[in-house]
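# A look at the structure
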Amino acid sequence: MILIKKIIPLAIAGLLSACSSQISINDVLPQKELDRTMYLRGDFTLWDAEPQYQFNLVGPALYQAQVKFSTPGKVYEFKIADADFSEGFNCGYSDSYPQGQSLTLGQAATADCNTIYNYFSYTPAIKGTYIVSIDFSDYEEPKVTITKK
């Protein structure tokens, strides 16, 4: 009986100390950063990797680049890729994405970063600056979104 009286307070103390530890948002969200620079590459860059279309890390596993679309109704084609279109870093639309290559404003689309020919397309309704985001929270199925700035 005396042994139980000693064990119970120790067990309670252990549980209380475990409950008081703090969990930060960084413990929950992935922290994978890419080991190379990625670019928005498309017909508006002649598919070149240009510095003004470089993706920047803006949050855990979230990268963004800006692009100016000046012709409403024109179909703009692009990919997200490194400077060499390397395997694993050559992101176009996934064949599993039901809409195919065409992005819808504000709607996430699954990317395939091992594709050779699958480029995204977007047709702006109005001219302006747009933000293209790629979220690598799930590295096997990154999500691409386009929004109006």
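Fair warning: this is a prediction, and the values are worked out from it, not measured in the lab.

## Focus: the overall build of the chain
The number of helices and strands found in the chain is two helices and nine strands. Listing each helix as α and each strand as β along the chain from the N terminus yields α-α-β-β-β-β-β-β-β-β-β. By residue count, 36% of the 149 residues in the chain fall in the buried class.

## Looking at the pattern of salt bridges
Enumeration according to the criterion identifies four salt bridges in this entry. With a closest N to O distance of 3.1 Å, R36 and D35 form a salt bridge. Between K143 and E141 there is a salt bridge whose closest N-O contact spans 3.9 Å. You can call K143 partly exposed: its relative accessible area is 30%. The class for E141 is partly exposed, based on a relative accessible area of 40%. What emerges from the salt-bridge pattern is a single network uniting D35, R36 and D82.

## Side note on the state of the cysteines
Per the counting criterion, the structure on display carries one disulfide. Residue pairing for C91: its cysteine sulfur links by disulfide to C113, the two sulfurs lying 2.0 Å apart. In this structure, the disulfide formed by C91 and C113 twists by about 100° around the S-S bond and is classed as right-handed. A residue pair is termed long-range when its members are at least 10 positions apart, and C91 in strand β5 (residues 90-93) and C113 in the loop between β6 (109-112) and β7 (120-122) qualify at 22 residues.

## Description of the pairing of strand β2 (residues 56-59)
As paired strands, β2 and strand β3 (residues 62-69) are joined by three bridges and run antiparallel to one another. The partner of L57 across the bridge, within β3, is Y63.

## Describing the packing of aromatic side chains
In this description, an aromatic ring pair is defined by two values, namely the gap between the centres and the angle between the planes. A full pass over the atoms with the stated rule returns eleven aromatic pairs. Look at Y63 and F136: their rings are 6.1 Å apart centre to centre, the planes differ by 80°, and that puts the pair in the edge-to-face class. Linking Y63 in strand β3 with F136 in the loop between β8 (128-135) and β9 (143-148), this pair joins segments that are 73 residues apart in sequence. Both residues of the pair, Y63 and F136, count as buried. Taken together through their ring pairs, the aromatic side chains of F44, Y53, F69, Y76, Y122 and Y130 make up a single cluster. Above the ring of F89, the side-chain terminus of R36 is found at 3.7 Å from the ring centroid. Directly above the ring of F85 sits R41, whose terminal nitrogen or CZ lies 3.7 Å from the centroid.

Parameters at a glance
Residues numbered from 1 in each chain as written. Predicted model: local features only at pLDDT ≥ 70, side-chain atom pairs only at ≥ 80, totals over all residues. Heavy atoms only, no water. Helix = DSSP H or I, 4+ residues; strand = E, 2+ residues; numbered from the N terminus. Buried < 20%, exposed > 50% of the residue type's maximum accessible area, 1.4 Å probe, protein only. Salt bridge = Lys/Arg side-chain N within 4 Å of Asp/Glu carboxyl O. Disulfide = S-S within 2.5 Å. Pairing = 2+ DSSP bridges. Phe/Tyr/Trp six-rings, centres within 6.5 Å; stacked < 30°, edge-to-face > 60°. Lys NZ or Arg CZ within 6 Å of the ring centre and 35° of its normal.

The values reported here are purely geometric and, on their own, carry no functional implication.
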